[in-house]
Amino acid sequence: MFDILIIGGGHAGVEAAWIASQFNLNVGIVTLPGVGLASTPCNPAIGGVGKGQVVKELDALGGLMGRLADLAGIQYRTLNESKGYAVHSTRVQVDKERYTEFAEKIISTETRIEIIRDKLMGVASENCFELSLESGRILECKKLIVTAGTFLSGRTHIGSEVRTGGRYESDNSSGAKEIFSNVKTNVKKFKTGTPPRLNRNTINYEMMEVQPSDSNTFNFHFSHELSKRFLKQIDCYITWTNEETHNLIESSKNSSPLFNGQIMAVGPRYCPSIEDKVFRYPDRKKHHLFIEKEGLDIETVYPNGLSTSLPKTVQEKILKTIPALKDSEIINYGYAVEYDVVDTRELDKQLEYKAIPGLYFAGQVNGTSGYEEAAAQGFVAGLSSSLSLLGRDKITFSRRDSYIGVLIEDLVTNYREEPYRLFTARSENRLFIREDNNFSRMYKYRSEMNLKTKLDSFYEKYLLEKNVLLKAIKSKHLNFNSEFKSLFDKFKIPRNDKGIFLEEVLKMGHVDPYKFLSSFLEKVGLLLNPALIKEVSITIKYEGYIARSDREYTKVEKLDSRKINWEELSNSHNISTECRQLISSIKPLTFSELKNINGIRPATLAFIACNI
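None of the values given here were measured: they were computed from a predicted structure. All residue numbers refer to position in the chain's written sequence, counted from 1. Note on the predicted model: pLDDT of at least 70 is required for a residue's local features to be given, and 80 or more for side-chain atom pairs to be given and counted; whole-chain, interface and lining totals, by contrast, use all residues. Side-chain descriptors were evaluated using all non-hydrogen atoms of the structure, hydrogens and water having been removed beforehand.

1. Comments concerning the overall build of the protein chain
- Across its full length, the protein chain holds 21 helices and 22 strands.
- Taking 25 Å as the expected radius of gyration for a compact globule of 612 residues, we find that the protein chain reaches 26 Å, a close match to that expectation.
- Its C-alpha atoms give the protein chain principal-axis dimensions of roughly 80 × 65 × 55 Å.
- Residue burial is assigned from relative accessible area. The probe radius is 1.4 Å, only protein chains are included, and a residue is buried under 20% of its type maximum, exposed over 50%, and partly exposed in between. The buried share of the protein chain, taken over its 612 residues, is 59%.
- Considering only residue pairs separated by 6 or more positions, the protein chain has 71% of its internal contacts joining residues 24 or more positions apart.
- Between the mean site of the 82 positive side-chain charges and the mean site of the 77 negative ones, the protein chain shows a separation of 4 Å. The secondary structure listing takes helices from DSSP runs of H or I that are at least 4 residues long and strands from runs of E that are at least 2 residues long, numbered from the N terminus. Values of the radius of gyration come from C-alpha atoms, whereas the globule rule sets the reference at 2.2 Å times the count of residues to the power 0.38. We call two residues in contact whenever any of their non-hydrogen atoms come within 4.5 Å of each other. Asp and Glu are treated as the negative residues and Lys and Arg as the positive ones, with His and the ends of the chain left uncounted. Charge positions are represented by NZ for Lys, CZ for Arg, CG for Asp and CD for Glu.

2. Some remarks on the sheet that holds strand β13 (residues 197–199)
- Any two strands with at least two DSSP bridges between them are considered paired. Across the sheet, which stays open at both edges, the six strands sit in the order β14-β15-β16-β17-β13-β18 with antiparallel pairing between neighbours. Edge positions in the open sheet fall to β14 (209–211) and β18 (330–332), since each of these has one partner strand only. Going across the sheet, the axis of each strand differs from the next one's by a mean of 35°, ignoring polarity.
- The sheet contact formed by β13 and strand β17 (residues 300–304) spans two bridges and is antiparallel. Across the sheet, N199 pairs through a bridge with T300, a residue of β17. For helices, the fitted axis covers only the stretch in contact; all axes are lines through C-alpha atoms, and the angles between them, taken along N-to-C directions, range from 0 to 180 degrees.

3. Quick word on the layout of surface pockets
- What the second largest pocket holds in volume is close to 890 Å³.
- Detection works on a 1 Å grid of protein atoms alone, calling trapped sets that fit a 1.4 Å probe cavities and calling open sets with protein on both sides within 12 Å along at least five of seven lines pockets, with lining residues defined by an atom within 4 Å of a point. Contributing to the lining of the second largest pocket are 34 residues, with K349, E409, T590, S592 and E593 lying nearest its centre.
- Where the lining of the second largest pocket is concerned, the elements lending two or more residues are α10 (403–412), α17 (543–560) and α20 (591–595).
- In terms of residue count, the dominant contributor to the lining of the second largest pocket is α17 (six residues).
- Residues are grouped as follows: nonpolar covers Ala, Val, Leu, Ile, Met, Phe, Trp, Tyr, Cys and Pro; charged covers Asp, Glu, Lys and Arg; every other residue, Gly included, is treated as polar. Considering only residue class, the lining of the second largest pocket consists of nine nonpolar, ten polar and 15 charged.
- These domain limits were set by an automatic method or by a database of domain assignments. Shared between two domains, the lining of the second largest pocket holds at least three residues of each, these being domain 1 (452–557) and domain 2 (561–609). Grid points are joined across faces, edges and corners, and a volume is the space filled by probe spheres set on the points.

4. Details of the domain arrangement of the protein chain
- If you check the domain split of the protein chain, you get domain 1 (452–557) and domain 2 (561–609).
- Distance between the C-alpha centres of domain 1 and domain 2: 44 Å.

5. Focus: helix α11 (residues 438–449)
- In this model, α11 (twelve residues) spans 17 Å end to end at C-alpha, consistent with the 16 Å of a helix rising 1.5 Å per residue.
- Looking at α11, one finds that the buried residues are N438, F439, R441, M442, Y445, R446 and M449. Buried residues along α11 cover an arc of 150° about the axis, so they all sit on one side.
- At its buried positions, α11 is contacted by α1 (11–21), α2 (51–61), α9 (371–389) and α12 (454–475).
- Two residues or fewer after α11 comes N450, characterised by a positive phi angle close to 60°. In a helix, the anticipated span is given by 1.5 Å times the number of residues less one. What the arc covers is the set of directions going from the helix axis to the C-beta atoms.

6. Observations concerning the packing of α9 against α10
- In contact at an axis separation of 10 Å, α9 and α10 are set at 85° when each is read in the N-to-C sense. Between α9 and α10, the crossing angle belongs to the class labelled roughly perpendicular. Contacts between α9 and α10 pair E373, A376, Q377 and V380 from the former with I404, L407, I408 and L411 from the latter.
- In terms of residue class, the contact of α9 with α10 is made up of six nonpolar, one polar and one charged. These descriptions rest on fixed angle ranges, namely under 35 degrees for roughly parallel, over 145 for roughly antiparallel, 65 to 115 for roughly perpendicular, and the rest for oblique.

Here it is, written out as structure tokens:
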């Protein structure tokens, strides 16, 4: 018997298996034959706005995604670089074949994990979970994690061509209702899509804007040299659709599965198909396309922004309207896939299904849209099931100090009307929840795991050096006539007769704190981890803002943390019928969970706040 079995070997499944194995548990991954572990079937990139922060958090917790992204990275970018540090986000384009190869290698070398390539036919649960596989094999486990992605009742669409499968020309799994008779799914199916893949040798790169890799962007993984690249770095390119493209798409509306009634599922708002963009924004005369190679030795190119399920002939015509792509050859056509998703209101913050103890759901099956969101959920489910199995206390991630906490709370407190995508804007506390301070934020969660690894040794050294540097900065006074005169001139620091504390300089509005502190430490001959310097300098810069936010949060937290009795509230005649139904459906346990429910009226919140 397995301690934990995981259905699905995508990003969620891999993270779940990896963290569970660290607790010396016997883990199995059941995945369809022919589907590689942690594959990137859509956009071959890890990170992005809000998502890069999640990858950093996972790495600080002991997850795999950041390590894999670095090993397979072929282009690095820092998004939102022109904005404040709070929203800077790392994005790494990866070689999709190598990413999966590294995932397979790392997972297969962990003796506590068994990879079972077979199709799931059904699940029974009495005293334990019993899985029936297509081969006839029966597996038993104490805890079960479902990370089926788009494979639950998956159907793919290219024009009028409809096939079963979670990906084009792949198999699928039976629907959740067939496998788990007591599991509630969303009333609506969800949809995602992907663009056609183009032959890299048939594209006119000279007609596009070049976007090179950024050598200054830090790696994700804590033990990798910050700017070391493991693979050759490549350029990406930018081009645009045009009016001719849009006119063609408009004239093809009746053949689009999205608009002719063939697909009834709901697609992602923030990663729409080109058809969606053309009809949703009729005044836009062009849309960006990012041309990204899928690997160093792979002949396919990913035209990011051209996701479509239009017929094959229309896809070919679309390319001919774009000068840089007019001679390009399609190797794989774009398609849409619709699939079952779980009603996440039935999950708790450990992602355990409330009505079936020991059953967890994570990833795209929960209605999220990205690799990073899936990986975070997989980690939470793997960690939670492991701690439960060992009889240890739960670890619950807070939205106050982690994007993982934001993600989980958003998922379990609301009915999902559309695929969920994480953004920095979803956090009320993004000045504090930054990429640069992921170790400081995640330390309390990692320490609760009580694991003694290379990561935990890194924490001890990093946090000690951080505290020493912070104290030194706050006590360091600088004279304007000292050896730092040239540094003051370079950063245009206003002079006075009294001198200035280093801390004051870092807080000046026109000073980049990281660049100044790096230059200062170099001048005094101190060689420290640049990631540490970055965190400390930005922490000091934002110190006043964060302190004010903390004071406000403390006031709110007293109310947010108050327990509520959802059963009493759902029967209260002082609350509207609509709000009672929402409360009864979601079953919030605290005022914080209650106020994050979409549709709860201010009058209801005011009434409850006055009576708890």
